[in-house]
Amino acid sequence: MIEYKKPNTKEEFKKNFKEKKPLMNKTEALVESSKCLFCYDPPCMKACPTKIDIPLFIKQIHTGNVYGAAQTIYKSNWLGNACAVVCPTGVLCEGSCVYTKEDILPVQIGRLQHFATQYIIGNRLKTFEQGFDIQKKVAIIGAGPAGIACACELKTIGYKVDIFETKSAPSGLISHGIAPYKISNEDALFEVEFLKNQLNFNIFYNEKINSKQQIMDLESKYDAIFIGVGIGSTANLNISGENLNNVIGAVEWIEKLRKQEHQTTIGENVIVLGGGNTAMDAATESAKLGAKNVVLAYRGSKEDMKAYPFEYELAVSCGVDGLFYAQPIEILGKEKVEGVRFKNTLNQEEFIINCDFLIKATGQAKHLELFSLIDNLTIDDRKKIKVNQDTFQTTNPKYFAGGDAVNGGSEVVNAAFEGKMAGIGIHNFLKNK
Amino acid sequence: MIDISVNFAGIKAPNPFWLASAPPTNSGYQIMKAFDAGWGGAVWKTLGLPTINVSSRYGSINYRDTRMAGFSNIELISDRPLEDNLREMQEVKKYYPNHAVIASLMVDTRQEWETIIKEVQDAGADGIELNFGCPHGMCERGMGSAVGQEPEVLKTIVGWVMAAAKIPVITKLSPNISHITDPGLAAVQGGTNAISLINTVKSIVGIDLDTFAPYPIVDGSGTNGGYCGPAVKPIALHMLKELAQHRQINKVPICGIGGIETWRDVVEFILLGATSVQVCTAVMHYGFGIVREMEAGLKGFMEQRSFDTIYDFAGRALPKVTEWKNLNLKYSVKANIDREKCIGCQLCYIACDDGAHQAIKLSENSEDRIPSVIEDNCVGCNLCSLVCPVENCISMQRKDDKSEHLTWDMLTQKNEIPNTFNDERAGGKGHHVPSVEEAWNKRENI
Ligand SMILES: Cc1cc2nc3c(=O)[nH]c(=O)nc-3n(C[C@H](O)[C@H](O)[C@H](O)COP(=O)(O)OP(=O)(O)OC[C@H]3O[C@@H](n4cnc5c(N)ncnc54)[C@H](O)[C@@H]3O)c2cc1C
Ligand SMILES: Cc1cc2nc3c(=O)[nH]c(=O)nc-3n(C[C@H](O)[C@H](O)[C@H](O)COP(=O)(O)O)c2cc1C
Ligand code: SF4
Ligand code: SF4
Ligand code: SF4
C-alpha cells in the first residue's frame, strides 16, 4: 500500500519528494568530518571514478578550510556538487569506507562533499581561472555532465569552447532525468551557471545538431568536436497497445515530472515495466506522486535486476509491489490503457493485471542518426561510440566522446570523468598540431 | 563494606571528590547544589583582596569533535564582597555539617593573612587552602604563582599561616616551575598540613587568525592564561608522583588536581598517592552531575579488587614508577595484527614507515588491504597499536624468553656501558631499511 498523499501544491510536492541527502550544517560537518581516519592509500578514493582526494577534503572541512576542500573536489570532478548528492555512494566511496568492514556506518562522504561545494557555490566564491588564451576552438554537442566537464577542462587550459544543446537549459539528465529527491532543478542549474560564469564557455540552446550541413559547419569552424549527447528516448517494446493513452516511456515521464512537479499526470493504478535503476526511480516517483497502487513488473528474478538493491528497497519502502518473472506480451485498452497481459517466464502461464497508467522503463534508443552523419565514426555492437579508453578519441580523430553515449548509460560521475579526460585528450591532440 | 569517606589531614568528608577553588564554588548556592549532587567537599573560590575581573575570560582547545580538551582562563580570585562569602560559608556549614568546606585564601602581608584566617575560622571553615598558583593577574601583584615560584617566600608565608591557623592548612602548588619538589619541600618545611596540586599551567591556547590576538580576547588584546582540563592530566600525574615519592614531602597527604573528569582519572591519581581529588573544568563543562559517574566507577573498581577504603590502594603505583636506568633492556615485545579485526585503513603501515621503524609492510596483493609486521624490524615501540582505530586489533606480544634481566644501571655498576652502537634492534644491525642509494633508485614519478 502506498502511503503518500497526492501532492496538490508545490509545497506538498516538496514534502513528498524531500531530499534524501540534506545539506549538513556546520556542526554536523564538524562532527562527521572528525570521523575520517585519513587512511593511507584510501579505499574510498580508489572507489571514486574521478579519484577525488577524499581524506584531504574532509580534513580541510574539519580545519575550517572549506574553500580549499571545494578546490580539492573540483580539481578531480567538475560536477562535484551534483555528484555529492546523486552518486550511488553506497556502492562507490562510502561503500568502500573502512568503517564498513567493522559494520560501522561509513563516513558520509557525499554529504560532506555537498557541504564544501555548496559553500563556494552558495557564496559565489571565485574558484576557477581560465587558462592562457589558445587560438583554437572546440565544439561540444550536448550540455550534459560529460559536455560540461569537457568544456571546463578545456577552458582551464585555454581553448575557446562552444556548446550546442537541444534543450533550453543545461545539465542534461541531472535536471531532467534524475529523481527530484536527489537533486533539485535549482541545485542542478546553479552549478553549471557557477562554472559558466567563472570559465566563460558559451552554450547555445535550442540547437539540436541533426543535419549533415550542421556537422559540416562544425567541422569547418572548430579544431575538435566532443560528442556528449547521452542516450536517447525510450525504445519501443514492439507489442500491441503501445500507442494507447497513458502509456509512456520512463525518461519522458520523468522529464515531465521534473518540469511539472505536482501537476504531472499519473494514474491510480500504475504498472512500471523494467528492472533497472530508471524503473526503480519511476516506481518510487509514482508512489510519491500519489498513485494508489504501483506494480513493478520485471521479466526475471529479483536478483537478476540491474538496479542497485538500495534503489529497489527504496521503492518497496514507498509501497511499491515487485512482480517477477512477468513478461509483458500485450497492452490492453480501448483508448486508454486498461491493463497488461503478462506471461510468466517460468511456467508460461498468461495473466492480466489492470492499470490506468503504464510506464515503460525497458531501455533507451541511442542517437544513431546523429552518429551516422559523422564520417568514420565506429559504433560498437551495443550501439555505443567506440573510443580510446585513455584519450576518449573516436575513430574519427577530430571527434572525441564521453558519457552515456560512450559507456551505454552509467552515472553522472562517469560522465564527469570521461568528459574531463576527453578535454585532456583533446588538448594533447591539438597542442601538437 | 566499601567506605569511600576520607580524613584528609584532619579534614573529614563523605568521599574524596571535592570541588576545586574556581567558579563552581563561587557561592553558597552552588556549593549546596554540589553537595546534594554527591560531592564530598568544596574549596571555596579564593578569598582575598578586592579585585575587578575583565569580560571575556575563557579560551579552549577543541580536538576533532571534542570541545574543551584543554581550557584556559584569565579570571582572578573572588570578586564578590568578602562579607557575603563569609556569611554564606557559615550558613552552608550549618546545613551541611558533615561535608568539607575549605576556604582558599590569597592575600599579601602577614597582617592580612592573620586577619583573613581568623575570619574564615569564625565562619566555620573545616580547613584552609593557600593559593600559590594563579599564573595570571594576581602574580603581577606579587601573589599567586609569584609565591609558588619562590620556595623561600612560600616557606615564610606558610610559616605565618601555621602560626595563626587553628584548622588544617593545605598548600596549593603551581606547576609553572622546573622542579615541583622545590616548592613542595618548602611547604613542608614551613609546616603545612597537606599539599594540593596542580594549579593551572601558564599558557596561550590560541590566536585569532583575523585579529591576531590571543584567546580569550579582551577588546583586541589578551594575556597568558592558566591552562587546565583533560589536556593537563599527564603533567599533574607526573608532579603528583614527584611529591609522593619524596621522603620528606610524602609525610603530608596530597590532594590531586588537574584534568580529572572520570572515575579512571580519580583512581589513577589515588594510585599515585593522592588521598583526595579536586575537580574544576569537568564541572564547568558538564555540571555537578558528573560526580555520579565518578562515584559509581570508583566503587565498582574497589568492589572488583576487594578494596574497602581508598587507603587500601593509595600510592600502589608508586613502586612501579622508576627511573629509566632500572628498566629491563632484555624485555622484548613485537606488534601483532589481528587479521580478523583489521579494517584495512593502513594507518599502522604509514605510521611505522614514515614515523617509526619501517616494520610494517603492505600485502603484495592489492586486493588485500591488511598489512603485516616485519618482526625483524619491529622494535616494539607501540606506535602502530596507538594509531590503530580498531579496539584490540594490534597487540604487543612478548617475544623474549623472560630469562634475562639487564638494566643500564647494572651495566654501569659492572662498568660495561657499551662504547660502540650495539643495539640489535636499531637500524643497521638487525633492522633492515633500504640504503639511501636503493631508495633513490626506487623513487617513482616524483
Ligand atoms: C531516470 C534516470 C535516473 C538516473 N539517476 C541517476 C542517479 O541517481 N545518479 C547518477 O549518477 N546518475 C543517474 N542517471 C544517469 C545520469 O543521469 C547519466 O549517466 C548522465 O546524465 C550522463 O551524462 P551525459 O552528459 O553523457 O548525458 P546526458 O545527461 O543525457 O546529457 C546529454 C545532453 O545532450 C543533449 N543532446 C542530445 N542530443 C543532442 C543533439 N543532437 N544536439 C544537441 N544536444 C543534444 C541532451 O539534450 C542533453 O542535455 C540517471 C539516468 C536516468 C535516465
Ligand atoms: C618519540 C620522540 C622522540 C623525540 N626525540 C627528540 C630528540 O631526539 N631531540 C629533540 O630535540 N626532541 C625530541 N623530541 C621532541 C620533539 O622534537 C618535539 O619537541 C615534541 O614532540 C613536541 O612537538 P609535538 O607536539 O609536535 O610532538 C622527541 C619527541 C618524540 C615524540
Ligand atoms: S575510507 Fe573512510 S575513514 Fe578512510 S579516508 Fe576514506 S572516508 Fe576516511
Ligand atoms: S611497534 Fe613500532 S616498530 Fe613495531 S611495527 Fe609497530 S610501529 Fe613499527
Ligand atoms: S591500523 Fe589497525 S585497522 Fe588499520 S590497517 Fe593497521 S591493523 Fe588494520
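Residues numbered from 1 in each chain as written. Chains lettered and ligands numbered in written order. Predicted model: local features only at pLDDT ≥ 70, side-chain atom pairs only at ≥ 80, totals over all residues. Heavy atoms only, no water.

Turning to the overall build of chain B, a few remarks are in order. In terms of helices and strands, chain B carries 14 helices and 18 strands. C-alpha extents for chain B along the principal axes are approximately 80 × 55 × 45 Å. Relative to its 446 residues, chain B shows a buried fraction of 48%. Across chain B, every contact between residues at least 6 apart in sequence was considered, and the portion connecting residues at least 24 apart equals 70%. (Helix = DSSP H or I, 4+ residues; strand = E, 2+ residues; numbered from the N terminus. Buried < 20%, exposed > 50% of the residue type's maximum accessible area, 1.4 Å probe, protein only. Contact = heavy atoms within 4.5 Å.)

In this structure, A:Phe57, A:Leu79, A:Ile148 and A:Phe201 are the most contacted members of the largest nonpolar core, which totals 113 residues. Of all the elements, helix 18 (residues 412–431) of chain A adds the most residues to this core, at 8 residues. Setting aside residues no more than four positions away along its own chain, A:Leu79 makes contact with A:Pro145, A:Ile148, A:Ala149, A:Ile174, A:Glu191, A:Val412 and A:Ala416. Counting 89 residues, the second largest nonpolar core, distinct from the first, contains B:Val92, B:Leu197, B:Tyr227 and B:Val267. (Core = buried A, V, L, I, M, F, W, Y, C linked by side-chain atoms within 4.5 Å.)

Moving on: the interface of chain B and chain A. Opposite the 14 residues of chain B that make contact, chain A presents 17 residues. Together chain B and chain A conceal approximately 1,300 Å² of surface at their shared face, both sides included; 58% is due to carbon and sulfur atoms. For the chain B face of the interface with chain A, the top three residues by lost area are B:Arg64, B:Ile343 and B:Arg369, together amounting to 47%. Taken together, the connections running from chain B to chain A amount to 1 salt bridge. The partner of B:Arg369 in a salt bridge is A:Asp41, with the nearest N and O atoms 3.9 Å apart. Seen at the junction of chain B and chain A, the total is 6 residue pairs in polar contact (both at pLDDT 80 or more). Sort the elements by how many residues they give to the side of chain B that touches chain A and helix 11 (residues 347–355) of chain B lands first, with 3 residues. For the side of chain B that touches chain A, the per-class residue count stands at 8 nonpolar, 2 polar and 4 charged. (Buried area = accessible area lost by both parts, 1.4 Å probe. Salt bridge = Lys/Arg side-chain N within 4 Å of Asp/Glu carboxyl O. Polar contact = N/O pair within 3.5 Å; in protein donor to acceptor, adjacent residues only side chain to side chain. Nonpolar A, V, L, I, M, F, W, Y, C, P; charged D, E, K, R; others polar.)

This paragraph deals with the pattern of salt bridges. Counting across every chain of the model gives 32 salt bridges over all chains. Here A:Lys360 makes a salt bridge to A:Glu242, at a shortest N to O gap of 2.6 Å. With A:Lys360 in strand 12 (residues 357–360) and A:Glu242 in the loop between strand 4 (224–227) and strand 5 (247–249), this pair connects stretches of sequence that are 118 residues apart. Side by side, A:Lys360 and A:Glu242 carry an identical accessibility label, which is buried. A salt bridge links B:Arg339 to B:Asp368, with the shortest nitrogen-to-oxygen separation between them at 3.4 Å.

Take the state of the cysteines next. In the structure shown here, the tally under the stated rule is 0 disulfides over all chains. B:Cys393 carries a free sulfur, and the closest cysteine sulfur to it, the one in B:Cys388, is 4.0 Å from it. (Disulfide = S-S within 2.5 Å.)

Time to look at the site of ligand 4. In the vicinity of ligand 4 there are 13 residues, among which B:Cys352, B:Cys378, B:Cys381, B:Asn382 and B:Cys384 approach most closely. Classifying every residue of the shell around ligand 4 by side-chain character gives 10 nonpolar, 3 polar and no charged. (Near = heavy atom within 4 Å.)

Residues and elements named next belong to chain B. Strand order in this closed barrel of 8 strands is 3-4-7-8-9-10-13-14, and the pairing throughout is parallel. The sheet shows a mean angle of 25° between the axes of neighbouring strands, taken without regard to direction. Sheet strands touched by helix 2 (residues 82–95): strand 4 (41–48) and strand 7 (100–106). Its angle to strand 4, the strand with the most contacts, is close to 160°. Taken strand by strand, helix 8 (residues 263–271) contacts strand 3 (17–19), strand 13 (254–257) and strand 14 (274–279), and its axis lies near 140° from that of strand 14. (Pairing = 2+ DSSP bridges. Axes fitted to C-alpha atoms, helices over the stretch in contact; angles between N-to-C directions.)

All names here are of chain A. Counting buried residues along strand 2 (residues 160–164), 4 of its 5 residues qualify, which places the element largely inside the surrounding structure. At this point the chain moves from strand 1 (residues 137–141), through helix 9 (residues 145–157), to the parallel strand 2, and the crossover so formed is right-handed. Where strand 2 and strand 3 (residues 202–204) come together, 3 bridges link them in parallel fashion. The partner of Ile163 across the bridge, within strand 3, is Ile203. (Right-handed = clockwise from strand over helix to strand, strands pointing away.)

So, on to the sheet that holds strand 11 (residues 350–354) of chain A. Residue and element names in this part refer to chain A. Here we have 3 strands laid out as an open sheet, ordered 9-10-11, and antiparallel in their pairing. The two strands at the open ends of the sheet, each matched to only one other strand, are strand 9 (326–333) and strand 11. The average angle at which neighbouring strand axes cross in this sheet is 30°, direction not considered. Relative to strand 10 (residues 337–344), strand 9 runs antiparallel, the two being bridged by 7 bridges. By the bridge assignment, Ala326 is partnered in strand 10 with Asn344.

Once that is clear, we can look at the pairing of strand 15 (residues 333–337) of chain B. Residues and elements named next belong to chain B. Burial analysis of strand 15 places 4 of its 5 residues in the buried class, the great majority of the element. Bridge count for strand 15 against strand 18 (residues 394–398) is 5 bridges, and the pairing is antiparallel. Bridging across to strand 18, Lys334 finds its partner in Gln397.

Considered domain by domain, chain B is made up of domain 1 (6–316) and domain 2 (324–445). Placing the centre of domain 1 of chain B and that of domain 2 of chain B at their C-alpha centroids yields a distance of 42 Å. (Domains from an automatic or database assignment.)

Our next topic: a nonpolar patch on the surface. Judged by side-chain polarity, B:Ile204, B:Ile207, B:Leu209 and B:Phe212 come together as a nonpolar surface patch covering roughly 500 Å² of accessible area. Counting through the fold element by element, B:Phe212 comes out in the loop between strand 11 (201–203) and strand 12 (225–228). (Patch = residues over 30% accessible without salt bridge, like charges linked within 9 Å, V, L, I, M, F, W, Y side chains within 5 Å. Areas by Shrake-Rupley, 256 points an atom, 1.4 Å probe, with all protein chains shown as cover.)

The subject of this paragraph is the site of ligand 1. Residue and element names in this part refer to chain A. Val86, Glu165, Leu173, Lys182 and Asp404 are the nearest of the 33 residues found near ligand 1. Here Glu165 contributes a side-chain N or O atom positioned 2.6 Å from an oxygen atom of ligand 1. Ser410 is positioned with one of its backbone polar atoms (N or O) 3.0 Å from an oxygen atom of ligand 1. Contact with the protein chains covers 94% of the free accessible surface of ligand 1, which is 1,000 Å². Secondary-structure elements contributing two or more residues to the shell around ligand 1 are helix 9, helix 13 (250–260), helix 14 (277–288) and helix 18. Looking at the shell around ligand 1 residue by residue, the classes come out as 14 nonpolar, 11 polar and 8 charged.

Bringing the side chain of B:Ser72 into the picture now. Relative to the elements of secondary structure, B:Ser72 occurs in strand 6 (residues 66–73). The residues touching B:Ser72, leaving out its near neighbours within four places in the chain, are B:Arg57, B:Tyr58, B:Gly59, B:Ser203, B:Val205, B:Gly225, B:Gly226 and B:Tyr227.

Take the side chain of B:Thr192 next. All names here are of chain B. As for its placement among the helices and strands, Thr192 is situated in the loop between helix 6 (181–189) and strand 10 (194–197). Take Thr192: its relative accessible area is 5%, and that puts it in the buried class. One polar contact links Thr192 to Thr171, side chain to side chain, over a distance of 2.8 Å. The residues touching Thr192, leaving out its near neighbours within four places in the chain, are Val158, Met162, Val169, Ile170, Thr171, Ala187 and Val252.

Our next topic: helix 6 of chain B. Residues and elements named next belong to chain B. Turning to helix 6, its buried residues number three or more, namely Thr181, Pro183, Gly184, Ala186, Ala187 and Val188. Here the buried face of helix 6 lies against helix 4 (145–148), helix 5 (151–164), strand 9 (169–172), strand 10 and helix 7 (233–244). One or two steps after helix 6, the chain reaches Gly191, where phi turns positive at roughly 105°.

What follows concerns the environment of B:Asn250. Residue and element names in this part refer to chain B. Considering the arrangement of structural elements, one finds Asn250 in the loop between helix 7 and strand 13. Owing to a relative accessible area of 36%, Asn250 belongs among the partly exposed residues under this scheme. Expressed as a C-alpha distance, the spacing of Asn250 and Glu91, which sit 159 residues apart in the sequence, is 35 Å. The contact partners of Asn250, leaving out residues within four places of it in the chain, are Leu243, Ala244 and Gln245. Here the side chain of Asn250 touches Ala244 through a polar contact of 2.9 Å, landing on its backbone oxygen.

With that settled, consider the packing of aromatic side chains. Residues and elements named next belong to chain B. Scanning the entire structure with this criterion turns up 22 aromatic pairs over all chains. A ring pair is formed by Trp263 and Phe301, whose centres lie 6.2 Å apart and whose planes are at 40°; its orientation type is tilted. You can see Trp263 sitting in helix 8 and its partner Phe301 sitting in helix 10 (residues 291–305), a full 38 residues away along the chain. A relative accessible area of 21% places Trp263 in the partly exposed class. You can call Phe301 buried: its relative accessible area is 11%. Between Phe301 and Phe307, the aromatic rings sit 6.0 Å apart at their centres with planes inclined by 45°, giving tilted as the arrangement. (Phe/Tyr/Trp six-rings, centres within 6.5 Å; stacked < 30°, edge-to-face > 60°.)

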